[in-house]
Every structure is written in C-alpha cells, then in structure tokens.
Amino acid sequence: MPRTAAVTVRVPAKVNVQLAVGAVRPDGYHDLANVFLAVGLYDEVTVTPADALRVTCTGPGSDQVPLDGGNLAARAAELLAAHHGRTPDVHVHIAKDIPVAGGMAGGSADAAGALLACDTLWDTRTPREELLELCAELGSDVPFSLVGGAALGRGRGEQLTPLEVKGTFHWVFALADGGLSTPEVYRECDRLRDLAAGTDPAFDLADPAAPEADAALLAALRTGDAHDLAAALFNDLQPAAVSLRPSLAQTLTAGADAGALAGLVSGSGPSCAFLASDADAAARIAGTLAASGTCRTARPTTSPAPGATVTTP
Ligand code: C5P
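About the criteria used
Residues numbered from 1 in each chain as written. Predicted model: local features only at pLDDT ≥ 70, side-chain atom pairs only at ≥ 80, totals over all residues. Heavy atoms only, no water. Salt bridge = Lys/Arg side-chain N within 4 Å of Asp/Glu carboxyl O. Helix = DSSP H or I, 4+ residues; strand = E, 2+ residues; numbered from the N terminus. Buried < 20%, exposed > 50% of the residue type's maximum accessible area, 1.4 Å probe, protein only. Phe/Tyr/Trp six-rings, centres within 6.5 Å; stacked < 30°, edge-to-face > 60°. Lys NZ or Arg CZ within 6 Å of the ring centre and 35° of its normal. Pairing = 2+ DSSP bridges. Near = heavy atom within 4 Å. Polar contact = N/O pair within 3.5 Å; in protein donor to acceptor, adjacent residues only side chain to side chain. Areas by Shrake-Rupley, 256 points an atom, 1.4 Å probe, with all protein chains shown as cover. Nonpolar A, V, L, I, M, F, W, Y, C, P; charged D, E, K, R; others polar. Domains from an automatic or database assignment. Expected span 1.5 Å × (residues − 1). Contact = heavy atoms within 4.5 Å.

Engineer: Please explain the pattern of salt bridges as it appears in this structure.
Structural biologist: Applying the stated criterion across every chain yields a total of 12 salt bridges. The residue K96 makes a salt bridge to D43 at a minimum N-O spacing of 2.3 Å. Of the two residues, K96 sits in the loop between β4 (90-95) and α2 (106-121) while D43 sits in strand β2 (residues 30-49), which places them 53 residues apart along the sequence. On the basis of relative accessibility, which here comes to 6%, the residue K96 falls in the buried class. By relative accessible area, D43 is classed as buried at 0%. Linking D110 and K96 is a salt bridge whose minimum nitrogen-to-oxygen distance equals 2.9 Å. Of this pair, D110 sits in helix α2 while K96 sits in the loop between β4 and α2, and the two are 14 residues apart along the sequence. When salt bridges that share partners are traced, they join R25, D27 and D31 into one network.

Engineer: Explanation requested: the packing of aromatic side chains in the structure shown.
Structural biologist: Tallying each qualifying case throughout the model produces two aromatic pairs. Ring centres of F36 and F144 lie 4.6 Å apart, and the angle between their planes is 5°; this geometry places the pair in the stacked category. Of this pair, F36 sits in strand β2 while F144 sits in helix α4 (residues 142-147), placing them 108 residues apart in sequence. Each member of the pair, F36 as well as F144, is classed as buried. Taken together, a centroid distance of 6.2 Å and an interplanar angle of 35° make the contact between W171 and F173 tilted. Neither residue differs from the other here; W171 and F173 are each classed as buried. Lying over the aromatic face of Y42, R10 brings its terminal NZ or CZ to 3.7 Å of the ring centre.

Engineer: It is not clear to me how the pairing of β2 should be interpreted in this structure. Could you clarify?
Structural biologist: Each regular strand carries side chains that alternate between the two faces of the sheet. Among the 20 residues of β2, 15 are classified as buried, and the element is accordingly described as predominantly covered. As paired strands, strand β1 (residues 7-24) and β2 are joined by 15 bridges and run antiparallel to one another. The residue bridging N16 from the neighbouring strand is F36, located in β2. The pairing of β2 with β4 spans six bridges and is classified as antiparallel. Across the sheet, residue E44 finds its bridge partner in β4, namely A95.

Engineer: Where do I start with the site of the ligand in this structure?
Structural biologist: In the vicinity of the ligand, the residues found are G28, Y29, H30, L32, G139, S140, R156, T182, P183 and Y186. In this structure, H30 approaches the ligand through a side-chain N or O atom, which is 2.7 Å from an oxygen atom. Within the side chain of S140, one N or O atom sits 2.6 Å away from an oxygen atom of the ligand. Out of a free accessible area of 460 Å², the ligand has 75% covered by protein chains. Secondary structure elements with two or more residues in the shell around the ligand: β2 and α5 (182-199). With three residues, the top contributor of residues to the shell around the ligand is α5. Along the lines of polarity and charge, the residues of the shell around the ligand split into four nonpolar, five polar and one charged. Of the domains in this structure, domain 1 (7-163) and domain 2 (169-303) are the two that each give at least three residues to the shell around the ligand.

Engineer: Just checking my understanding: could you explain helix α1 (residues 72-83) for this structure?
Structural biologist: Because each turn of an α-helix spans 3.6 residues, side chains separated by three or four positions end up pointing in the same direction. With 12 residues, α1 extends 16 Å between its outermost C-alpha atoms, agreeing within 8% with the 16 Å of an ideal straight helix rising 1.5 Å per residue. Where α1 is buried, its residues touch β3 (54-58), β4, α2 and α3 (128-138). Put simply, N71 is the residue that caps the front of α1, since its side-chain oxygen is 2.7 Å from the backbone nitrogen of A73. One or two residues past the end of α1 sits G85, with phi positive at roughly 65°.

Put into structure tokens, the structure is as follows:
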C-alpha cells in the first residue's frame with residue numbers, strides 16, 4: 001500500500017581515503033580505484049505526496065542547490081517513477097548538512113535518499129540490485145551513498161565491493177566557503193598530467209598509473225589502525241583541487257599543525273579531511289582549525305557510517 005504520510009531518509013556524506021585516477025575513457029569518465037568511507041554528516045530527504053514534483057531545500061549552502069529538473073533528488077524521483085510507470089507526484093524536501101559541492105557527495109546523498117524515500121512512499125519495493133542500477137544512472141557516487149559503510153569503487157566509481165572496517169575512525173572536516181565543480185577538477189587533473197607528460201618522457205598519459213586499490217590502505221581499514229590509515233591516505237585529485245583553490249594548501253598545513261595524523265582534500269574538494277587519533281584529539285583539532293581562519297568551519301565526526309536509512313516509523 002502506498003503511504004500517505006511523509007517518509008524521511010537519512011543519508012551520509014563520504015570521504016575518499018584513496019582516490020586513484022586512471023586514464024580518461026572514451027565516454028569521458030576516468031577509470032578509478034576509489035575507496036569510499038561514509039562519515040557521520042547527514043542530509044535528510046523527506047518526500048510527501050503532492051500534485052506534482054517539486055523540490056525545496058534548507059540548511060547551509062541551500063541557496064546554491066538547484067530546485068529545478070537539474071536537482072539530482074528530483075531526477076531520482078523521476079527515474080524511479082518512470083521505472084515503475086507512474087508519475088513522480090511528490091514534494092521532495094532536502095534538509096542539508098553535507099556541504100554543497102564540497103567533495104563529500106552531498107548531491108549524490110540526496111539522490112540516493114530520494115530514491116529510497118520514494119520507493120518507500122510508493123511501496124514500489126524495488127529490488128536492491130535495481131535500486132543500485134538506478135543510482136549508477138544518476139551519478140558515479142550515488143550507489144555508495146545508498147550502501148554506506150566502506151567500499152571499493154571500480155569503473156567510474158559505481159562498481160562497488162564492500163570493505164571490512166574494524167572499529168571507528170575519528171575525522172575532522174574543514175569546510176570551505178563555496179564549492180568546486182567536479183568536472184572542472186577532473187579537467188584540471190588532466191591538464192596537470194598533460195603538463196607532466198610534456199616534461200617527463202616516462203609519464204604515460206594513456207595509463208597515468210593503472211588505478212589499483214592499495215593493499216596497505218585496505219589492511220589499515222581491516223585492522224582499524226588510524227596511524228596506518230594516515231600513512232596510506234591519498235587522493236590523485238588533490239593537486240588539481242589545490243591548483244584551482246590555492247588556499248587549500250594553507251588549510252592542509254593548519255590541520256597538520258593542529259595535530260592531525262594526516263590530512264587530504266576530500267574527493268574533488270574543497271572540503272579537507274583530517275584523521276585524528278581519538279575523539280578528544282578530533283575535538284581539539286576542530287577547535288584549532290575553526291579558529292585558524294583557513295576554513296569556514298570545522299566539524300569533528302566518525303566513520304564508518306550507515307548508508308541511506310528510512311527514519312520515519
Ligand atoms: O558521475 P557524476 O555525474 O557524479 O560525475 C560528474 C563529473 O565528474 C563527470 O561528468 C566527469 O566530468 C567527472 N568524473 C570523471 N570520472 C569519474 C567520475 C566523474 O571524469 N570516474
């Protein structure tokens with residue numbers, strides 16, 4: 001039976017503890033070895049029956065979120081409705097806490113949230129595999145937002161293998177003013193590689209470094225050792241994000257000076273992620289970073305976090 005009352009889904013942000021970017025594919029995407037960890041910052045997506053599809057959004061940066069057909073949550077509602085031959089007659093409300101265009105998969109979270117919320121509201125009971133395929137149509141990071149936890153993403157990031165994680169990792173996220181465009185960051189990565197290829201004959205543009213999951217990083221997740229994970233963190237998009245937003249270099253230095261075990265740009269940025277040894281250290285680092293003047297705000301949180309979850313009874 002379709003529900004008549006609102007359905008709310010909570011969806012986590014992510015950090016990429018490894019983002020190995022390979023060559024550009026014929027379809028314009030890059031081959032990746034992408035280790036996702038879901039972290040405890042969440043958006044909430046609420047869907048309510050309505051005469052026609054409409055989207056509203058509140059929270060930090062919500063004025064930057066498109067409310068028309070370009071909104072990823074609206075596209076998710078349309079895609080699921082089309083999949084089941086019905087009309088997407090819902091009001092989708094997004095309560096944002098994940099930074100907008102921050103490299104933490106906020107838009108992907110909203111798409112996964114809207115898909116699960118509509119499936120619950122309409123009682124369409126889409127099998128998990130089909131939901132994951134719809135997620136992949138919406139964006140490379142959307143399948144991970146649905147499943148959460150930790151996973152290795154291959155292909156353009158959408159082919160997921162769940163990963164084992166022991167215990168809890170403590171993080172601080174330095175959130176920036178304004179976002180970075182993911183396609184622009186990938187383009188800048190290609191441009192920097194073109195330059196490198198011009199100066200280093202050994203650099204192979206067709207195979208910059210075939211992206212593979214790093215064994216030491218996967219072992220650190222399995223054992224839950226924050227120092228080992230800190231030593232293995234890496235993001236091939238970081239030089240491109242710093243090139244487009246040079247002030248991120250100061251943010252990364254401020255996090256290191258504040259006592260982080262390691263830091264990196266989250267995904268395509270501009271959010272920066274810092275690994276801390278425990279919750280007390282994370283709280284201290286967040287305080288220092290927030291006062292450093294190198295970011296808009298700093299948020300302590302933990303990982304892994306669960307994927308998209310219906311929170312209404
Ligand atoms: O899949 P999604 O729509 O989230 O990707 C946004 C953009 O990021 C793509 O249009 C592409 O420019 C870039 N991208 C890429 N390679 C990937 C994932 C994303 O080049 N594996």
